[in-house]
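# Architecture at a glance
As a plain string of letters, each chain reads:
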Amino acid sequence: MSSKPSISVIIPTLNRSLALQKTVNCLLKSTVKDFECIIVDQTPGAADNDPRLIDSRIKYIHQSKASLPLARNRGVKLSQADIILFLDDDIEFGSNLLYEHICAHVRSSTAAAVTGRIKLLPPHFYTGGDILAKVEPKSAKFVVNFDQDKRQESDFISGGNVSVKREVFSEVGFFDRMYKGNALYEEIDMSMRIRRAGKTILFHPTAEITHLRAEEG
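Right, let's get into the packing of aromatic side chains. Enumeration according to the criterion identifies seven aromatic pairs in this entry. Considering the side-chain rings of Phe86 and Phe169, the 6.2 Å spacing of their centres and the 70 degrees angle between planes classify their relative orientation as edge-to-face. Of the two residues, Phe86 is situated in strand β4 (residues 83–87) and Phe169 in helix α4 (residues 167–172); the sequence distance between them amounts to 83 residues. Judged on exposure class, the residue Phe86 and its partner Phe169 are both buried.

Dropping the structure here:
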């Protein structure tokens, strides 16, 4: 990876036009100006070119089948950058998010993926106290907690705020499209494949977003 790696942002979306606009507005304020963004819209009847999202760095495509793993995989295949950052469509974040993800990859040669901090708004909260995202491989039981302030290794990623080195997909494959009903499982599956390949997942708390948890979508 070069000392100044490029970054692609992939945002799958479904029935969240207003929330998506807030997310895109945050992205357009990024201190990193050189990026590409691929929005994969799975909303039935969505236009192929949404006029509210006009920016030379943004590519807007429509996907007729509603499938989060498929949308992520499609975005990867269309992207061009060294680092691929996946974001949810109902988040807010500061101007340094892309910068923090890039810096984390540059600083860590062993990290295949960098998963960032995700803050929730009341009444939503994480369980697990000070335990970061944890999974038991044999039972598949897991603790979901991405709101920590210590930089450390993580057992699994969160697809709403995670960046992955491009070569990882050629080494371990894409997101498994067979997981249905709960997007978290394909994220854990991907994480386990990454770790089985001898690579690490880095939790980088200063790559921070707030998850709005929009009801629609």
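Glancing now at the state of the cysteines. Applying the stated criterion to the full structure yields zero disulfides. Cysteine Cys26 is unpaired, with the sulfur of Cys37 as its nearest cysteine sulfur at 12 Å. Cysteine Cys103 shares no disulfide, and the gap to the nearest cysteine sulfur, in Cys26, comes to 19 Å.

It is worth spelling out the pairing of β4 at this point. Where burial is concerned, most of β4 is hidden: five out of the five residues are buried. Of the two faces of β4, the one lined by Ile83, Leu85 and Leu87 and the one lined by Ile84 and Phe86 are each fully buried. Across five bridges, the pairing between β4 and strand β10 (residues 161–165) is antiparallel. When the sheet's bridge partners are listed, Ile83 is paired in β10 with Lys165.

A word on helix α1 (residues 17–28). Taking 1.5 Å as the rise per residue, α1 with 12 residues should run 16 Å; its terminal C-alpha atoms sit 16 Å apart, in good agreement. Every buried residue of α1 is listed here: Ala19, Leu20, Gln21, Thr23, Val24, Cys26 and Leu27.

Let us now look at the nonpolar core. In terms of nonpolar packing, the biggest core is built from 32 residues, with Ile7, Val9, Cys37, Ile39, Leu87, Phe93 and Leu98 touching the most fellow members. Looking at which element gives the most residues to this core, the answer is α1, with four residues. Ile84, Ala113, Ile157 and Val164 belong to the second largest nonpolar core, which has 16 residues in total.

With that settled, the discussion passes to the pairing of strand β2 (residues 35–41). Successive side chains on a regular strand alternate, one facing one side of the sheet and the next facing the other. Counted residue by residue, β2 has six buried out of seven residues, so it is predominantly covered. Judged from the seven bridges that link them, strand β1 (residues 7–13) and β2 form a sheet pairing that is parallel. Within β2, the position partnered with Val9 by the bridge is Cys37. Once the chain exits β1 it traverses α1 before rejoining the sheet at β2, and the crossover so formed is right-handed. As paired elements, β2 and strand β3 (residues 58–62) share five bridges and run parallel to each other. If you follow Cys37 over to β3, its bridge partner there is Ile58.

Quick look at the pattern of salt bridges now. On inspection of all chains with the given rule, the structure shows 10 salt bridges. The salt bridge partner of Glu186 is Arg72, with a shortest N-O separation of 2.9 Å. Here Glu186 is found in helix α5 (residues 183–196), whereas its partner Arg72 is found in helix α2 (residues 68–78), with 114 residues between them in sequence. The exposure classification of Glu186 matches that of Arg72, with both residues buried. For Arg193, the salt bridge is made with Asp189, and the minimal N-O distance between the two is 2.9 Å. Separated by four residues within a single helix, Arg193 and Asp189 lie in helix α5, roughly one turn from each other. Beyond isolated ion pairs, a larger network of salt bridges with shared partners links Arg16, Asp89 and Asp90.

Thresholds applied
- Within each chain, residues carry numbers counting from 1 in the order of the written sequence.
- Reporting of local features is limited, given that this is a predicted model, to residues whose pLDDT is at least 70; pairs of side-chain atoms are given and counted only at 80 or more, and all residues count toward the totals for whole chains, interfaces and linings.
- In computing side-chain values, all of the structure's heavy atoms are included and hydrogens and water are not.
- Planes of paired rings set the category: under 30 degrees apart is stacked, over 60 is edge-to-face and the rest tilted, where pairs are Phe, Tyr or Trp rings (Trp by its six-membered ring) whose centres lie within 6.5 Å.
- Where helices and strands are cited, they refer to DSSP runs of H or I of at least four residues and of E of at least two residues respectively, numbered from the N terminus.
- Each residue is placed in one exposure class: buried if its accessible area under a 1.4 Å probe, protein chains only, is under 20% of its type's maximum, exposed if it is over 50%, and partly exposed if it falls in between.
- We call a pair of cysteine sulfur atoms a disulfide when they lie within 2.5 Å.
- Pairing between two strands is assigned when DSSP locates at least 2 bridges connecting them.
- Take the number of residues in a helix, subtract one, and multiply by 1.5 Å to get its expected span.
- As used in this record, nonpolar core signifies buried Ala, Val, Leu, Ile, Met, Phe, Trp, Tyr and Cys residues forming a set joined through side-chain atoms within 4.5 Å.
- Handedness of a crossover is defined as follows: with both strands directed away from the viewer, a clockwise route from the first strand across the helix to the second makes it right-handed.
- Salt bridges are counted wherever a side-chain nitrogen of Lys or Arg sits within 4 Å of a carboxyl oxygen of Asp or Glu.

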